Amino acid sequence: MSSDSVILLETVNFAAEKHRNQRRKDAEQTPYITHPIGVARILSHEGGITDIEVLQAALLHDTVEDTDTSIGELQAVFGQTVARLVQEVTDDKALSKEETKRQQVEYAPHASHQAKLVKLADKLYNLRDINRCTPTGWTAGRVQEYFVWSAQVVRGLRGTNPALEGHLEELFKQRGVEL
Ligand SMILES: Nc1nc2c(ncn2[C@@H]2O[C@H](COP(=O)(O)OP(=O)(O)O)[C@@H](OP(=O)(O)OP(=O)(O)O)[C@H]2O)c(=O)[nH]1
Ligand SMILES: [Mn+2]
């Protein structure tokens, strides 16, 4: 087996253990790990991305935000680059929800190319997931707001990956949202 495959298995195992008790907000309470795995898969299968550190960052991208994982722990286990990429896509928990959303819009254009890739795939996965099944308790208005806000973030990520941006543009168009 190639060393990249071994590294990816180690990474997906780490993420699975960290997210082991977390569920998605859908009616079936899907195990949360389907999301980071799906984000990494979008990058490889649809984005044509083979950069192992980007794929690792995708697998780990919600561990610091949603579990007891620290950036220091990621740095010790996976190295500085992967840890920095996860840091770039992690919301500041000290901020209010509205401020967090504003920060994402503001930071997007300044993110590194690798972090922009993870962010694009994260948004693409979540928007497809909303279309598949509305998260529990979300009104139609909240869904539309999520699309409008996501478009503001994606606007700052443009010029990064034409395939992913094309799929996102189509999803926004279906909702009547300008990119
Ligand atoms: N569409 C969808 N999203 C779900 C589901 N379960 C959990 N989520 C997560 O919910 C987040 C989007 O909902 P928000 O209202 O913005 O976030 P919040 O409840 O966590 O504050 C995403 O976080 P994120 O990945 O960190 O991305 P971001 O939206 O914060 O950029 C997404 O992964 C689900 O069943 N469907
Ligand atoms: Mn995510």
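As recorded by an unreviewed UniProt entry, the protein chain carries the name Guanosine-3',5'-bis(diphosphate) 3'-pyrophosphohydrolase MESH1 and is attributed to Hucho hucho. UniProt, in its Sequence similarities (unreviewed entry) section for the protein chain, records the words "Belongs to the MESH1 family."

Trainee: Can you explain the overall build of the protein chain? Please cite residues and give values.
Mentor: A count of helices and strands for the protein chain gives 10 helices and zero strands. Beginning at the N terminus, the succession of helices and strands in the protein chain can be written as α-α-α-α-α-α-α-α-α-α. For 179 residues, the compact-globule estimate of 2.2 N^0.38 gives 16 Å, and the protein chain sits close to it at 16 Å. With the principal axes as the frame, the protein chain shows a C-alpha extent of 45 × 35 × 30 Å. For the protein chain, the proportion of its 179 residues judged to be buried stands at 46%. Across the protein chain, every contact between residues at least 6 apart in sequence was considered, and the portion connecting residues at least 24 apart equals 69%. Working note: accessible area of the protein chain is about 9200 Å², and carbon and sulfur atoms make up 50% of it. Computing the positive centroid from 21 side-chain charges and the negative centroid from 26, the protein chain places the two 4 Å apart.

Trainee: An account of the coordination of the manganese ion (ligand 2) is requested, with residue identities and associated values reported.
Mentor: The textbook angles at a metal center are 109.5 degrees for a tetrahedron of four donors and 90 or 180 degrees for an octahedron of six. Note on the manganese ion (ligand 2): its protein donors are H35 (NE2), H61 (NE2), D62 (OD) and D122 (OD). The metal-donor distances range over 2.2 to 2.4 Å. Ordering the donors of the manganese ion (ligand 2) by residue number gives the pattern H-x25-H-D-x59-D. Here the residue D62 occupies a position in the loop between α3 (52–60) and α4 (63–66), and D122 occupies one in helix α8 (residues 113–132), the gap between them amounting to 60 residues. For the pair D62 and D122, one class covers both residues: buried.

Trainee: Could you give an account of the packing of helix α2 (residues 34–46) against α3, naming the residues involved and the relevant values?
Mentor: One can describe the packing of α2 onto α3 by two numbers: an axis separation of 7 Å at closest approach and a directional angle of 155°. Between α2 and α3, the angle is such that the two are roughly antiparallel. Of the two elements, α2 crosses α3, and the hand of that crossing is right-handed. Contact with α2, carried on its side by P36, I37, V39, A40, L43 and S44, involves V54, L55, A58 and L59 of α3 and no other residues of that element. Tallied by class, the residues present in the contact of α2 with α3 amount to nine nonpolar, one polar and no charged.

Trainee: For the packing of aromatic side chains, give the residues involved together with the corresponding values.
Mentor: Under the criterion given, the structure shown has four aromatic pairs. Here W138 and Y146 contribute two aromatic rings whose centre-to-centre distance is 5.6 Å and whose plane-to-plane angle is 55°, an arrangement assigned as tilted. We note that W138, like Y146, is buried. An aromatic cluster is defined as three or more aromatic residues linked by ring pairs; in this entry it consists of W138, Y146 and W149.

Trainee: Any chance you could break down the packing of helix α5 (residues 71–78) against helix α6 (residues 80–88) for me, citing the residues and the numbers?
Mentor: One can describe the packing of α5 onto α6 by two numbers: an axis separation of 7 Å at closest approach and a directional angle of 150°. Considering the angle they form, α5 stands roughly antiparallel to α6. Crossing handedness for the pair α5 and α6: right-handed. Two secondary-structure elements touch here, α5 through I71, L74, Q75 and F78 and α6 through Q80, V82, A83, V86 and Q87. When grouped by side-chain class, the residues that make up the contact of α5 with α6 number six nonpolar, three polar and no charged.

Trainee: If you had to explain the site of ligand 1 to someone new, which residues and values would you point to?
Mentor: Neighbouring ligand 1 are 22 residues; K25, K101, K123, R142 and Y146 lie closest to it. With respect to ligand 1, the side chain of K101 contributes an N or O atom lying 2.5 Å from an oxygen atom. Contacts to ligand 1 include Y146, whose side-chain N or O atom sits 2.4 Å from an oxygen atom. Elements supplying a minimum of two residues to the shell around ligand 1: α7 (97–107), α8 and α9 (140–155). Of all the elements, α8 adds the most residues to the shell around ligand 1, at six residues. In terms of residue class, the shell around ligand 1 is built from six nonpolar, three polar and 13 charged.

Basis of the calculations
Residues numbered from 1 in each chain as written. Chains lettered and ligands numbered in written order. Predicted model: local features only at pLDDT ≥ 70, side-chain atom pairs only at ≥ 80, totals over all residues. Heavy atoms only, no water. UniProt positions renumbered as here; feature names shortened; annotations may be inferred. Helix = DSSP H or I, 4+ residues; strand = E, 2+ residues; numbered from the N terminus. Rg over C-alpha atoms; globule rule 2.2 N^0.38 Å. Buried < 20%, exposed > 50% of the residue type's maximum accessible area, 1.4 Å probe, protein only. Contact = heavy atoms within 4.5 Å. Areas by Shrake-Rupley, 256 points an atom, 1.4 Å probe, with all protein chains shown as cover. Lys, Arg positive; Asp, Glu negative; His and termini not counted. Charge placed at Lys NZ, Arg CZ, Asp CG, Glu CD. Donors = N, O, S within 2.8 Å, 3.2 Å for Na, K, Ca; no water. Axes fitted to C-alpha atoms, helices over the stretch in contact; angles between N-to-C directions. Parallel < 35°, antiparallel > 145°, perpendicular 65-115°, else oblique. Left-handed = near helix turned anticlockwise from the far one by under 90°. Nonpolar A, V, L, I, M, F, W, Y, C, P; charged D, E, K, R; others polar. Phe/Tyr/Trp six-rings, centres within 6.5 Å; stacked < 30°, edge-to-face > 60°. Near = heavy atom within 4 Å. Polar contact = N/O pair within 3.5 Å; in protein donor to acceptor, adjacent residues only side chain to side chain.

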